[in-house]
Amino acid sequence: MPPNTLENPKEFWKAVLGEIELELSPNSVVLKSILGRTRLDSISEDSVALVCDDEFVKKNLEKKHHSLLSSTIKKLAKKDMRLEISVKRFQEMKAVEKEPLGPLFQPERDISQLIKEKQQKSNLSPRFTFENYVMGKNNNLAYAIATAVSERPGELYNPVFIYSGVGLGKTHLLQAIGNQIIKNKPGTKVIYTTGETFTNELIDAIQSGKGKGKYTTNEFRNKFRKVDVFLIDDVQFVIGKESTQEEFFHTFNALYMDQKQIVITSDRPPKDFTNLEERVTSRFSSGIIADIQPPDIEMRVAILRARRDQDRDPMPNEVIDFIAEKITSNVRELEGAYTQVITQLQTKGLELSIENAAIALNQSIREKAQKNVNINEILKAVCTYYSVKAADLKGERRTKEIVIPRQVAMFLMKEITSTPYMTIGDFLGGRDHTTIMYGVEKISEEAKHLEKTKQDIVNVKQLIYAE
Ligand code: ADP
Ligand code: MG
């Protein structure tokens, strides 16, 4: 018989569960699962308050198990106690109370289900984990920081800023941080968002706030400021637009002051945000910055082998080597090429050989080249990438922030669509064809020896070709 443990609610509840277990037949899975979704809230002189995580659980307890619970409690408390059952989400409870009590009533299935739900709520996809992220020379610093942060959020590095070109694994790493934190401590409030979503939601909030809609700026603020871990992907979409940039900065500061973990990714380092105020740039740089470089050949092979093993594909090593040699740009392209080869050959029933892989790859490269791109799409991609307005590119302004994107647009329009200089000139606000020729020439020269220009062009092209 346990001691009178009413003074120690946690122990008391444990004892109640222990007693009930003795009464249960081994196949009382329903009651086990129901109690697994029930927590002790508090104990007073004459009552025991329980909370369940949803209405169904509460009803089930009240209808079917009330007498078993009451009699067990009475037996241990040595007096009549009222039983109060309410519904509350566990994450809203105080830290101690939301701890599950003992493994008995937490069947494996329930915990993994809880984690899945939490990940979903945080906008995370369980597909991205540290386990399936291949580490190599090109990403080891970012990887080390990400794993450390996921073990001790808010304690080690803050903020964390990770940047790279497209398709090199930023989103994967950022999501892996969130997923791991939730696995370690399901009670942590994690939010993953992208620069684009953040911007759109803010604009919606402002607009519906004006018409007294339900989603006001206050709600917007609470949503982002009341989290333990804030993960923002592709922050470049927030930067450059004054209103969103300002709101983001406030969110950032609020979280930073509360020592909440912030992880930011971007397509460029903080210092390259030319139109960002000094105070924001320096905040971004105040924690730790890591970049991810394009993968070298060893890394590309390692990634494809990991992929093959995970999917249990019968892909021979030499075909993997072949694809890894051909596709050098980034991991997304590499994976795309791999998928293309394996699905094409398997659906046609062809042997997985280098020769057949070469044919499949060539075809996919040709198809891509045939995607019809027009100059308007190029303009849009340039505007998105550099956070500038189309009207400015077509307008008269000659500041550096406008002139460079304008010339990159000229260059890409010529290179990709071979549109006549005159037509491009007309499209870009009635400029003379010699101006266009000059711009195209200038960027094509720069692209030969300036790393930054080269990377910018690759990035804009990725935007153009992304569906
Ligand atoms: P980014 O956000 O930098 O554009 P993503 O994170 O979307 O890149 O990565 C593109 C694809 O490549 C994803 O499917 C991701 O899982 C995969 N990937 C990137 N880096 C790695 C890596 N180091 N190991 C395994 N997969 C990777
Ligand atoms: Mg991404």
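Here is what the cut-offs are and how they apply
- Residues numbered from 1 in each chain as written.
- Chains lettered and ligands numbered in written order.
- Predicted model: local features only at pLDDT ≥ 70, side-chain atom pairs only at ≥ 80, totals over all residues.
- Heavy atoms only, no water.
- Helix = DSSP H or I, 4+ residues; strand = E, 2+ residues; numbered from the N terminus.
- Rg over C-alpha atoms; globule rule 2.2 N^0.38 Å.
- Contact = heavy atoms within 4.5 Å.
- Areas by Shrake-Rupley, 256 points an atom, 1.4 Å probe, with all protein chains shown as cover.
- Lys, Arg positive; Asp, Glu negative; His and termini not counted.
- Charge placed at Lys NZ, Arg CZ, Asp CG, Glu CD.
- pLDDT = per-residue confidence, 0-100.
- Phe/Tyr/Trp six-rings, centres within 6.5 Å; stacked < 30°, edge-to-face > 60°.
- Buried < 20%, exposed > 50% of the residue type's maximum accessible area, 1.4 Å probe, protein only.
- Lys NZ or Arg CZ within 6 Å of the ring centre and 35° of its normal.
- Expected span 1.5 Å × (residues − 1).
- Arc of directions from axis to C-beta.
- Core = buried A, V, L, I, M, F, W, Y, C linked by side-chain atoms within 4.5 Å.
- Axes fitted to C-alpha atoms, helices over the stretch in contact; angles between N-to-C directions.
- Parallel < 35°, antiparallel > 145°, perpendicular 65-115°, else oblique.
- Left-handed = near helix turned anticlockwise from the far one by under 90°.
- Nonpolar A, V, L, I, M, F, W, Y, C, P; charged D, E, K, R; others polar.
- Pairing = 2+ DSSP bridges.
- Near = heavy atom within 4 Å.
- Polar contact = N/O pair within 3.5 Å; in protein donor to acceptor, adjacent residues only side chain to side chain.

Visitor: Explanation requested: the overall build of the protein chain in the structure shown.
Guide: Helix and strand counts for the protein chain come out as 21 helices and 8 strands. Taken against the 2.2 N^0.38 rule, which gives 23 Å for 467 residues, the C-alpha radius of gyration of the protein chain at 29 Å runs more than 25% over that of a compact globule. Dimensions of the protein chain along its principal axes, counting C-alpha atoms only, are 95 × 60 × 40 Å. Sequence separation of 24 or more characterises 71% of the internal contacts of the protein chain that already satisfy a separation of 6 or more. Total accessible area computed for the protein chain in this model is approximately 24300 Å², and 52% of it derives from carbon and sulfur atoms. Across the protein chain, 67 positive and 65 negative side-chain charges occur, with their mean positions spaced 3 Å apart.

Visitor: Mind showing me how you'd approach the confidence of the model for the protein chain here?
Guide: In low-pLDDT segments, the atomic positions of the prediction should not be examined closely. In this model, the protein chain carries a mean pLDDT of 86, and residues with pLDDT of at least 70 account for 90%. pLDDT under 50 marks residues 101-108. Its contacts with residues more than four places away, or in other chains, come to 15 contacts.

Visitor: How should I be thinking about the packing of aromatic side chains in this particular structure?
Guide: Working definition: an aromatic ring pair is given by the centre-to-centre distance plus the angle between the planes. Per the stated rule, a full pass over the model turns up 14 aromatic pairs. A ring pair is formed by F130 and Y143, whose centres lie 5.8 Å apart and whose planes are at 85 degrees; its orientation type is edge-to-face. Placement of the pair is F130 in the loop between α5 (108-121) and α6 (140-151) and Y143 in helix α6, with a sequence separation of 13 residues. As far as the burial class goes, F130 and Y143 line up, both buried. By way of ring pairs, the aromatic residues F161, F198, F220, F224, F230, F248, F252, Y256 and F284 are connected into one cluster. Positioned above the aromatic ring of Y385 is the side chain of R268, whose terminal nitrogen or guanidinium carbon lies 4.8 Å from the ring centre. Directly above the ring of Y421 sits K414, whose terminal nitrogen or CZ lies 4.3 Å from the centroid.

Visitor: In this structure, what is going on with α6? I would like to understand it.
Guide: Note: α-helices contain 3.6 residues per turn, so residues at a spacing of three or four share the same orientation. Taking 1.5 Å per residue as the helical rise, α6 with its 12 residues ought to reach 16 Å, and the 17 Å between its terminal C-alpha atoms agrees with that figure. Turning to α6, its buried residues number three or more, namely A142, Y143, I145, A146, V149 and S150. One face of α6 carries all of its buried residues, which in axial projection span an arc of 165 degrees.

Visitor: Quick question: what am I supposed to make of the nonpolar core here?
Guide: If you look at soluble globular proteins, the nonpolar side chains tend to sit buried side by side. Within the largest apolar cluster, 27 residues are counted, with the highest numbers of intra-cluster contacts made by V382, L412, M413 and V460. Elements with a contribution of two residues or more to this core: α16 (375-386), α18 (400-417), α20 (433-449) and α21 (451-465). With near-sequence residues (within four places) excluded, L412 lies in contact with I378, V382, T417, I457, V460, K461 and I464. Grouped together as the second largest cluster of nonpolar side chains are 25 residues, L173, Y192, L231 and A290 included.

Visitor: Would you mind showing me how to read the packing of helix α9 (residues 217-225) against helix α10 (residues 242-257) here?
Guide: Axis angle and axis distance: for two packed helices, these are the angle between their axes and the distance between the axes, and together they describe the pair. Two elements in contact, α9 and α10, have axes separated by 10 Å at closest approach and are oriented at 45 degrees. Here α9 is positioned oblique relative to α10, judged by the angle of their axes. In the crossing of α9 with α10, the sense of the turn from one axis to the other is right-handed. Along the contact surface, α9 presents F220, R221, F224 and R225, while α10 presents E247, H250, T251, A254 and L255. Here the residues of the contact of α9 with α10 are counted per class, giving 4 nonpolar, 2 polar and 3 charged.

Visitor: Whenever I open this one, the pairing of strand β5 (residues 190-194) confuses me. Can you help?
Guide: Within a regular beta strand, the side chains point alternately toward one face of the sheet and then the other, so they alternate between its two faces. With 5 of 5 residues buried, β5 lies mostly within the body of the structure. Residues of β5 alternate between two faces, with V190, Y192 and T194 on one and I191 and T193 on the opposite face, all of them buried. As judged from the 5 bridges shared by β5 and strand β6 (residues 229-233), these two strands associate in the parallel manner. Within β6, the residue paired with T193 across the bridge is I232.

Visitor: Help me out: how do you make sense of the side chain of Q344 in this one?
Guide: Looking at the element boundaries, Q344 is found in helix α14 (residues 331-348). Look at Q344 and you get buried, because its relative accessible area is 13%. Not counting residues up to four positions away in its chain, the partners in contact with Q344 are A360 and Q363.

Visitor: In this structure, what is going on with the site of ligand 1? I would like to understand it.
Guide: V134, G167, T171, H172 and E335 are the nearest of the 19 residues found near ligand 1. Between ligand 1 and T171, the relevant distance is 2.8 Å, taken from an oxygen atom to a side-chain nitrogen or oxygen of the residue. Burial of ligand 1 by the surrounding chains reaches 92%, relative to a free accessible area of 560 Å². When residues of the shell around ligand 1 are traced back to their parent elements, those giving at least two are α7 (170-184) and α14. Taken together, the residues of the shell around ligand 1 break down into 7 nonpolar, 8 polar and 4 charged.

Visitor: Would you mind showing me how to read the sheet that holds β6 here?
Guide: Sheet strands associate in pairs through backbone hydrogen bonding, adopting either a parallel or an antiparallel arrangement. Read across the open sheet, the 5 strands follow the order β5-β6-β7-β4-β8; overall the sheet is parallel. In the strand order of this sheet, the two ends are held by β5 and β8 (288-291), each with one partner. Each neighbouring strand pair of the sheet contributes to a mean axis angle of 15 degrees, computed without reference to strand direction. Contacting β4 (160-163), β5, β6 and β7 (261-266), α7 crosses the sheet at an angle of about 165 degrees to β6.

Visitor: In this structure, what is going on with α21? I would like to understand it.
Guide: The end-to-end C-alpha separation of α21 is 21 Å, in line with the 21 Å expected for 15 residues at 1.5 Å each. Within the sequence span of α21, burial applies to T453, D456, I457, N459, V460, Q462 and I464. The elements touched by buried residues of α21 are α14, α16, α18 and α20.

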